[in-house]
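A closer look at the structure
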Amino acid sequence: MRATKIVTLTALLATLTFASKAQERDDRATILNFKGIQFHSNDSLFYTNFRFRMQNRIGFTEKLDSETNGEWDARVRRLRMRVDGYIYTPKISYSIQLAFTRSDQDFDETGIPNIVRDAVVFYNFTDDFYISFGQNKLPGNRQRVNSSGQLQFADRSLVNSKFTVDRDFGMSANLSKKIGEVPINAKVAISTGEGRAASGTDGGLSYTGRVEFLPLGNFKNGGDYSEGDLEREETPKLSIGGGYSYNDRTTRVGGQTGKYVENPFTLKTSFVDAILKYQGFAYQAEYMRRDVDNPLNLDLEGKTAYAYKGFGINQQMSYLMNHGFEVVSRYTFVKPHQDIRAYEKQTEIIEAGLNKYMKAHRLKFNLSGNYTFKEGQFNNVNQKNSWGFLFQVELGI
């Protein structure tokens, strides 16, 4: 028995060591490569792909009017495991994503460790059309739909934080076609409107739609949903997208995110975005706006709560240099509506960074600095302006 176990272990190690050759001989083998750990069943009726990624960071923030020594932020920002594959037929596929850090589980907002980020089943009618059922990202703004592992800065912009529609449970339909030579992607979703923390739903639902036009053709390797021109597009590539979300009678301040409130309200969110890439240069812009008839509310403890009503603009520019180094800058502007001016200030953020890509976005180093100022007053310490820096390492398979 012991000899049998030793032989079995030796064979397994040999399979992993010579993974590429084994894949050429027999696609039923377990392999380890850039796309994760893959397994095909002997009868080809089952396929799964395991991946993980983590983001370790350290940062510092100093408020100009503060008498303290500033605040340090040292932690594991994200640690996720993802499993994708199909069962019985490639037409029926699935995606599961789990989160293992507190800041990645919305724990502080809901008091619940929301480990499950994605749990969704797809039915692929054709290569161009599929539907989904389960918990997944809604077809919202581009930066939200982008994976956090495909970002140029350690975090998404403040515009995304204030207005995103994030994840939800429901159904979606996704279509990709060409009109002439122009690729077009259209996505619609009907969901609960309460986000991934919900154990049930109320009488209102959320309706979200998005359309994208690529007038200069498709990006290499889906680069329209990956920040930075790591593919060094040989010809200019442009994607223009826009959409709308109507969340009817939600019970959370951000619709799918934020604290729960006593009285439901309806959020109407619109967004327009674009991304341009050419020979290492990348530029992207995003505009988001949210309307709420009456944004003021009370949380479950009876304290004042409100939905963020207003608009925001985010712009990002970068250039990929030699040896995987990239310089990147970002400007963010968020303006609250008059209805919530007693609680929120106009905010602007200027950021600049230097990235080093070792294996595209799978292994990279981010170093960035930022300056935040309020009410358009760049040097006014009384407005609680602040500066800071952040260093993050991302590793994944």
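Residues numbered from 1 in each chain as written. Predicted model: local features only at pLDDT ≥ 70, side-chain atom pairs only at ≥ 80, totals over all residues. Heavy atoms only, no water.

So, on to the overall build of the protein chain. Regarding its fold elements, the protein chain presents five helices and 20 strands. For 397 residues, the compact-globule estimate of 2.2 N^0.38 gives 21 Å, and the C-alpha radius of gyration of the protein chain, at 23 Å, lies within 12% of that figure. With respect to the three principal axes, the spread of C-alpha positions in the protein chain is 70 × 55 × 50 Å. By residue count, 45% of the 397 residues in the protein chain fall in the buried class. Total accessible area computed for the protein chain in this model is approximately 20,000 Å², and 60% of it derives from carbon and sulfur atoms. (Helix = DSSP H or I, 4+ residues; strand = E, 2+ residues; numbered from the N terminus. Rg over C-alpha atoms; globule rule 2.2 N^0.38 Å. Buried < 20%, exposed > 50% of the residue type's maximum accessible area, 1.4 Å probe, protein only. Areas by Shrake-Rupley, 256 points an atom, 1.4 Å probe, with all protein chains shown as cover.)

Turning next to the environment of Thr201. Topologically, Thr201 is positioned in the loop between β9 (182–191) and β10 (206–213). The partly exposed category is assigned to Thr201, whose relative accessible area is 46%. As for Thr201 and Thr251, which are separated by 50 residues in sequence, their C-alpha atoms are 9.3 Å apart. Discounting chain neighbours no more than four positions away, the residues touching Thr201 are Thr192 and Glu194. (Contact = heavy atoms within 4.5 Å.)

Attention shifts here to the side chain of Ser191. On the secondary structure map, Ser191 appears in strand β9. Exposure remark for Ser191: the relative accessible area of 3% places this residue in the buried category. Polar contacts involving the side chain of Ser191 include one to the side chain of Asp168, which spans 2.9 Å. Look past the residues within four positions of Ser191 in its chain and what remains in contact with it is Leu138, Asp168, Phe169, Gly170, Leu205, Ser206 and Gln256. (Polar contact = N/O pair within 3.5 Å; in protein donor to acceptor, adjacent residues only side chain to side chain.)

We now examine the pairing of strand β4 (residues 71–87). When strand β3 (residues 46–63) meets β4, the two strands line up antiparallel, connected through 16 bridges. Considered in β4, the bridge of Arg53 is made with Arg80. Following β4, the chain reverses through one residue before pairing antiparallel with strand β5 (residues 89–99); Tyr88 in that reversal takes a positive phi of roughly 75°. (Pairing = 2+ DSSP bridges.)

With that settled, consider the pattern of salt bridges. Inspection of every chain in the model, using the stated rule, returns 26 salt bridges. Linking Arg78 and Asp155 is a salt bridge whose minimum nitrogen-to-oxygen distance equals 4.0 Å. Of the two residues, Arg78 is situated in strand β4 and Asp155 in the loop between α4 (142–145) and α5 (158–163); the sequence distance between them amounts to 77 residues. Classification of Arg78 as buried rests on a relative accessible area of 4%. Residue class for Asp155 comes out partly exposed when judged on its relative accessible area of 26%. Among the salt bridges present, the one from Glu351 reaches Arg330, with a minimum N-O distance of 2.9 Å. In this pair, Glu351 is assigned in strand β18 (residues 347–359) and Arg330 in strand β17 (residues 325–336), connecting sequence segments 21 residues apart. (Salt bridge = Lys/Arg side-chain N within 4 Å of Asp/Glu carboxyl O.)

Here we take up a nonpolar patch on the surface. Among the surface-exposed residues, Ile37, Phe50, Phe52, Val76, Leu79, Met81, Phe100, Ile115, Val116 and Leu395 lie close enough to one another that they form a single nonpolar patch of about 750 Å² accessible area. Elements with a minimum of two residues in the nonpolar patch: β3 and β4. Ranked by the residues each element gives to the nonpolar patch, the list is headed by β4, at three residues. With respect to the helices and strands, Val76 occurs in strand β4. (Patch = residues over 30% accessible without salt bridge, like charges linked within 9 Å, V, L, I, M, F, W, Y side chains within 5 Å.)

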